[in-house]
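Here is how the chains run, residue by residue.
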Amino acid sequence: MTFDPNTPLDPGQVSDRRGMGGRGGLAIGGGGIGLILLLAYTLLGGNPNDLGPLLEPGAVQGPEGSAIATDCKTGQDANERDDCRILGYVNSVQKYWTGEFAASSLTYQPVDTVLFSGATTSRCGTATSASGPFYCPLDTLVYLDLDFFKDLRSRFGASGGSLAQGYVIAHEYGHHVQDLLGALQAGGNDTGAESRSVRTELQADCYAGVWANHAAATKFLEPLTEAQIADALNAARAVGDDRIQEATTGQVNPDGWTHGSSDQRQKWFKTGYQSGDPSSCDTFTGPI
């Protein structure tokens, strides 16, 4: 993915907490669940509400003069640095949805992405590097540790590539869109191949594809190539429930799915990308 080198970036849409740490850890499984198993249940927009408010909410502010604010000025910086690239994707995704909502006489409410390293607090509990990226509806923030993308490649076999990062960001902001439209509901113990949890995640995948269709029109990015779309589809495949279950347990159990199979995740991203229309993303009625 290539950003227009002359396009200015808005650093106000990303909060930088890297190096600050967090209070305590995420007490799941008594510490016996490792990174892969935890990722298997929370990758890419899992419902952190299901974990409960493990910590009291605390306002943790990024340091003044963070690298984002001082170093990420233009699309050229996004072409050269991962953190600036995330900022560029956040800017592009939110510009698209601002226009899309306005076209329907609605108002899109921008929200920040919080970059952190190791752990930080959220109103949905502790955000950790093991929990993967997620959107927290209680504080309306997206949380991301950049090391996630290393795990996506090394542990789950994704090919990498810049648009894989864009897919992740657009997916999480898809959950914010669902939240604004009243479609985001707590999943509870809702699992299974036809569950609401899976349908919610697949709609966010579709919304990510819709953004990709319009990415160049936001003026932050140059037109997508087929190779870049393949990177996004490869990332979607890597985090399918069936693939993760097979990698972590050696077997596939659809009753435990929360995000959808590799084929489903690719299908719905392509549906959004090919149509460019959010109305094509109705995953709540009919077969998925």
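Treat the numbers as computed from the prediction; the structure is a model and nothing was measured.

> Talk me through the state of the cysteines; I want residue IDs and the actual numbers.
In this structure the tally under the stated criterion is 3 disulfides. A sulfur-sulfur separation of 2.0 Å characterises the disulfide bridge that pairs Cys 72 with Cys 84. What sets the handedness of the Cys 72 and Cys 84 disulfide is the S-S torsion sign, and at about -75° it is left-handed. Of this pair, Cys 72 sits in the loop between helix H2 (67-71) and helix H3 (75-80) while Cys 84 is found in helix H4 (residues 82-103), placing the two residues 12 residues apart along the sequence. The residues Cys 72 and Cys 84 share a single accessibility class, namely buried. The side chain of Cys 206 participates in a disulfide bridge whose partner is Cys 281; the two sulfur atoms lie 2.1 Å from each other. Taking the torsion about the sulfur-sulfur bond, which here is approximately -75°, the covalent link between Cys 206 and Cys 281 counts as left-handed. Of this pair, Cys 206 sits in helix H7 (residues 196-214) while Cys 281 sits in the segment after helix H10 (262-275); the two residues are 75 residues apart in sequence, bridging distant segments of the chain.

> Quick rundown of H10? Include the residues and the values.
If you check H10, its first and last C-alpha atoms are 20 Å apart, about what 14 residues at 1.5 Å a residue would give, namely 20 Å. Those residues of H10 that fall on the buried side of the exposure criterion are Ser 262, Gln 264, Arg 265, Gln 266, Trp 268, Phe 269 and Gly 272. At its buried positions, H10 is contacted by helix H6 (162-181), H7, helix H8 (226-238) and helix H9 (241-249).

> So, H8: which residues are in play, and what are the values?
Compared with an ideal rise of 1.5 Å per residue, which puts 13 residues at 18 Å, H8 spans 18 Å between its outermost C-alpha atoms and is within 8% of the ideal. All of the buried residues along H8 are Gln 228, Ile 229, Asp 231, Ala 232, Leu 233, Ala 235, Ala 236 and Ala 238. Where the residues of H8 are buried, they touch helix H5 (148-154), H6, H9 and H10.

> A description of unusual backbone geometry should follow, citing residues and the corresponding values.
In this structure, Ser 105 takes a positive phi of about 60° despite not being glycine. The residue Ser 105 is located in the loop between H4 and strand E2 (113-115) in this model.

> For the pairing of strand E6 (residues 141-144), give the residues involved together with the corresponding values.
Here E6 shows a buried face lined by Leu 141 and Tyr 143 and a second buried face lined by Val 142 and Leu 144. Of the strand pairs in this sheet, E2 and E6 are connected by 3 bridges, and their pairing is parallel. Each bridged residue has a counterpart across the sheet, and for Val 114 the counterpart in E6 is Tyr 143.

> Quick one: what's the story with the packing of aromatic side chains, residue by residue and with numbers?
One pair of aromatic rings is described through two measures. These are the centre distance and the angle between the planes. Counted under the stated rule, the structure contains 10 aromatic pairs. With a centroid separation of 6.3 Å and 85° between ring planes, the pair formed by Trp 97 and Phe 101 is classed as edge-to-face. Within this pair, Trp 97 and its partner Phe 101 are both found in helix H4, separated by 4 residues, close to a single helical turn. On the numbers, 5.2 Å between centres and 75° between planes, the contact of Trp 97 with Tyr 207 is edge-to-face. A residue pair is termed long-range when its members are at least 10 positions apart, and Trp 97 in helix H4 and Tyr 207 in helix H7 qualify at 110 residues. Side by side, Trp 97 and Tyr 207 carry an identical accessibility label, which is buried. In textbook terms, an aromatic cluster arises when at least three aromatic residues are bridged by ring pairs, as seen for Tyr 96, Trp 97, Phe 101, Tyr 108 and Tyr 207.

> Any details on the packing of H6 against H7? Residues and values, ideally.
Where H6 contacts H7, the two axes come as close as 7 Å, and the packing angle between them is 115°. Both H6 and H7 take part in a crossing whose hand is right-handed. Every residue of H7 that contacts H6 at Leu 163, Gly 166, Tyr 167, Ala 170, His 171, Gly 174, His 175, Val 177, Gln 178 and Leu 181 is listed here: Thr 200, Glu 201, Gln 203, Ala 204, Asp 205, Tyr 207, Ala 208 and Trp 211.

> Explain the sheet that holds E2 to me, using residue names and the numbers behind them.
Read from one edge of the open sheet, 4 strands run E1-E2-E6-E5, paired in mixed fashion. Single-partner strands in this sheet number two, and they are strand E1 (14-16) and strand E5 (134-136). Sheet twist, expressed as the mean angle between neighbouring strand axes with direction ignored, is 25°. Of the strand pairs in this sheet, E5 and E6 are connected by 3 bridges, and their pairing is antiparallel. The residue bridging Phe 134 from the neighbouring strand is Tyr 143, located in E6. H4 contacts E1, E2 and E6 of the sheet and is inclined by roughly 175° relative to E2. In the packing of H6 onto the sheet, the strands contacted are E2, E5 and E6, and the crossing angle to E5 comes to about 25°.

Cut-offs applied
Residues numbered from 1 in each chain as written. Predicted model: local features only at pLDDT ≥ 70, side-chain atom pairs only at ≥ 80, totals over all residues. Heavy atoms only, no water. Disulfide = S-S within 2.5 Å. Helix = DSSP H or I, 4+ residues; strand = E, 2+ residues; numbered from the N terminus. Buried < 20%, exposed > 50% of the residue type's maximum accessible area, 1.4 Å probe, protein only. Expected span 1.5 Å × (residues − 1). Contact = heavy atoms within 4.5 Å. Pairing = 2+ DSSP bridges. Phe/Tyr/Trp six-rings, centres within 6.5 Å; stacked < 30°, edge-to-face > 60°. Axes fitted to C-alpha atoms, helices over the stretch in contact; angles between N-to-C directions. Left-handed = near helix turned anticlockwise from the far one by under 90°.

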